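Single-letter residue listing:
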Amino acid sequence: MSASEIRVSRTIDAPVGAVWAVITDLDNAESVLSGVEKLERLDSTKYEVGTRWRETRVLFGKSSTEEMWVTEIDPEKRTVVKASSHGADYTTVFTLEPAGDGTTLTFHFSAEATGLGAVSKFMMKVFGSFALKATTKAIRRDLDDIADAAGKRAG
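Reading guide: rules and limits
Residues numbered from 1 in each chain as written. Predicted model: local features only at pLDDT ≥ 70, side-chain atom pairs only at ≥ 80, totals over all residues. Heavy atoms only, no water. Helix = DSSP H or I, 4+ residues; strand = E, 2+ residues; numbered from the N terminus. Buried < 20%, exposed > 50% of the residue type's maximum accessible area, 1.4 Å probe, protein only. Contact = heavy atoms within 4.5 Å. Core = buried A, V, L, I, M, F, W, Y, C linked by side-chain atoms within 4.5 Å. Salt bridge = Lys/Arg side-chain N within 4 Å of Asp/Glu carboxyl O. Pairing = 2+ DSSP bridges. Polar contact = N/O pair within 3.5 Å; in protein donor to acceptor, adjacent residues only side chain to side chain.

Broken down by element type, the protein chain carries three helices and seven strands. Counted from the first residue to the last, the protein chain has its helices and strands arranged as β-α-α-β-β-β-β-β-β-α. Scored against the burial criterion, the 155 residues of the protein chain give a buried share of 40%. Considering only residue pairs separated by 6 or more positions, the protein chain has 49% of its internal contacts joining residues 24 or more positions apart.

Before going further, it helps to spend a moment on the nonpolar core. Counting residues in each nonpolar core, the largest one holds 33 residues, and the members touching the most others are Ile12, Val19, Leu105 and Ile146. If you list the elements that add at least two residues to this core, you get strand E1 (3-12), helix H1 (16-23), strand E2 (36-41), strand E4 (62-74), strand E5 (78-85), strand E6 (88-99), strand E7 (102-113) and helix H3 (118-154).

What follows covers the pattern of salt bridges. This structure, assessed with the given rule, holds eight salt bridges. Because the salt bridges share partners, they merge into one network encompassing Glu55, Arg57 and Asp142.

Relative to E4, strand E3 (residues 52-59) is paired through eight bridges, and the arrangement is antiparallel. Counted as the bridge partner of Arg57 is Ser64 from E4. With antiparallel pairing between neighbouring strands as the criterion, E3 and E4 make up a hairpin whose turn holds two residues, including Phe60 at a positive phi of roughly 55 degrees. By the bridge criterion, six bridges tie E4 to E5 in an arrangement that is antiparallel.

The subject of this paragraph is the environment of Gly155. Here Gly155 shows up in the segment after H3. For Gly155, a relative accessible area of 95% corresponds to the exposed category. Each C-alpha atom, one on Gly155 and one on Ala18, is 9.6 Å from the other, the two residues being 137 residues apart in sequence.

Turning our attention to the environment of Asp74. The topology assignment puts Asp74 in strand E4. For Asp74, a relative accessible area of 37% corresponds to the partly exposed category. Sequence separation of Asp74 and Leu96 is 22 residues, and the distance between their C-alpha atoms is 10.0 Å.

What follows is about the side chain of Thr103. Along the chain, Thr103 turns up in strand E7. A distance of 2.8 Å separates a polar side-chain atom of Thr103 from the backbone oxygen of Ala14.

Written out as structure tokens, the structure is:
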């Protein structure tokens, strides 16, 4: 098995509650996150463990839709979202920590190859650094978008 990880943090000029409200507001994700083209809920109208949705983003110039679900919630502290696609399991952990009057939001993304043959694993290693750079750029853009929205919520 092969794993890749990205960890990016950003201090946001908004209290933890405002940041939490933004990252758990699936119904407004399309308008908040510039990288999201479409988000379609598949079940619950809430944000709770088990909530599922399809998220469409443009990656490498093409639309890509992934089904995602919430696996953990510690309100206003941490939430974990998972996805599984194209021979890999993806985990995203959002951690929120008070930072003075603001919040430090850490986005930890990991991908682990599952059930891939030797050729596919080799290709992941060869193209992995390119994909990690593109994913890191998308994460930073998401963090900027979350910061903007949380700042507006906080007033």
